[in-house]
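Close look at the chain arrangement
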Amino acid sequence: DSNCSISRSIVANGCSLSGTIVSSVISTGVSVGNGTLIENAVVLPGARIGCNAIIRSAVIDAGCQIEDDVVIAPGAPYLDDYFVSDNGIALITPDKHAFARTGAQEKRSAA
């Protein structure tokens, strides 16, 4: 997509990408909305990430849906509900993606 900036990343075929992707791995069939930043992340097949989201230091599991304006990044106030490694990498799984939607209320305060 012409609205997408990709640097130091690996992107599989069959994706629909907008926003900015930096130092990340994007698997097949992933959709990323306008204005979204994905940095130091792995996004597994079929994940859908909305517009104006921030995803940093995270693994987004296959089939997850992350809604518009959600922030998943070190220091985000609601990351306590997810598994976060000792190195600060958040794991977002399909059973948790509904909760990620409520993070839209936090807007981009953790950015």
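Residues numbered from 1 in each chain as written. Predicted model: local features only at pLDDT ≥ 70, side-chain atom pairs only at ≥ 80, totals over all residues. Heavy atoms only, no water.

**Topic: the overall build of the chain**
Each helix and strand in the chain was counted, giving one helix and 13 strands. Among the 111 residues that make up the chain, the fraction classed as buried is 40%. Across the chain, every contact between residues at least 6 apart in sequence was considered, and the portion connecting residues at least 24 apart equals 21%. With the model as given, the accessible surface of the chain reaches about 5400 Å², and the carbon-plus-sulfur share is 48%. (Helix = DSSP H or I, 4+ residues; strand = E, 2+ residues; numbered from the N terminus. Buried < 20%, exposed > 50% of the residue type's maximum accessible area, 1.4 Å probe, protein only. Contact = heavy atoms within 4.5 Å. Areas by Shrake-Rupley, 256 points an atom, 1.4 Å probe, with all protein chains shown as cover.)

**Brief notes about the sheet that holds strand 6 (residues 31-32)**
Sheets are built from strands that pair by backbone hydrogen bonding, the pairs being arranged parallel or antiparallel. Spatially, 3-6-8-10 is the arrangement adopted by the four strands of the open sheet, whose pairing is parallel. Of all the strands in the sheet, just strand 3 (16-17) and strand 10 (65-66) have a single pairing partner and so form its edges. (Pairing = 2+ DSSP bridges.)

**A few points about unusual backbone geometry**
Positioned with a positive phi, Asn52 is a non-glycine residue whose angle comes to about 55°. For Asn52, the location among the structural elements is in the loop between strand 8 (48-49) and strand 9 (54-60). Positioned with a positive phi, Asp69 is a non-glycine residue whose angle comes to about 70°. Judged by relative accessible area, Asp69 falls into the buried class, the value being 19%.

**So, the side chain of Ser24**
Mapped onto the secondary structure, Ser24 falls in the loop between strand 4 (19-22) and strand 5 (25-26). Side-chain polar atoms of Ser24 contact the backbone nitrogen of Ala41, separated by 3.1 Å. Residues within four places of Ser24 in sequence aside, it is in contact with Arg8, Ser9, Ile10, Ile38, Glu39, Asn40 and Ala41. (Polar contact = N/O pair within 3.5 Å; in protein donor to acceptor, adjacent residues only side chain to side chain.)

**Some details on the nonpolar core**
Within the largest apolar cluster, 22 residues are counted, with the highest numbers of intra-cluster contacts made by Ile38, Val43, Ile55, Ile60, Ile66, Ile72 and Ile92. For Ile92, the residues in contact, after removing those within four places along its chain, are Val59, Ile60, Asp61, Cys64, Ile66, Ile72 and Tyr82. In this structure, Ile54, Val71, Ala73 and Ala76 belong to the second largest nonpolar core, which totals five residues. (Core = buried A, V, L, I, M, F, W, Y, C linked by side-chain atoms within 4.5 Å.)

**Points about the pattern of salt bridges**
Where side chains of opposite charge bring their charged atoms close, a pairing between them can arise. As enumerated under the stated definition, the model contains one salt bridge in all. A salt bridge links Arg56 to Glu39; the nearest nitrogen and oxygen atoms lie 3.0 Å apart. In this pair, Arg56 sits in strand 9 while Glu39 sits in strand 7 (residues 37-43), placing the two residues 17 residues apart along the sequence. (Salt bridge = Lys/Arg side-chain N within 4 Å of Asp/Glu carboxyl O.)

**Some words on the confidence of the model for the chain**
In the predicted model, the chain carries a mean pLDDT of 85, and 80% of its residues have values of at least 70. Confidence drops under a pLDDT of 50 for residues 101-111, and excluding neighbours within four residues, the segment shows 24 contacts in the predicted structure. (pLDDT = per-residue confidence, 0-100.)

**Overview of the state of the cysteines**
In this structure the tally under the stated criterion is zero disulfides. Not engaged in a disulfide, the cysteine Cys4 finds its nearest cysteine sulfur in Cys15; these two sulfurs lie 9.5 Å apart. Given the relative accessible area of 18%, Cys4 is considered buried. (Disulfide = S-S within 2.5 Å.)

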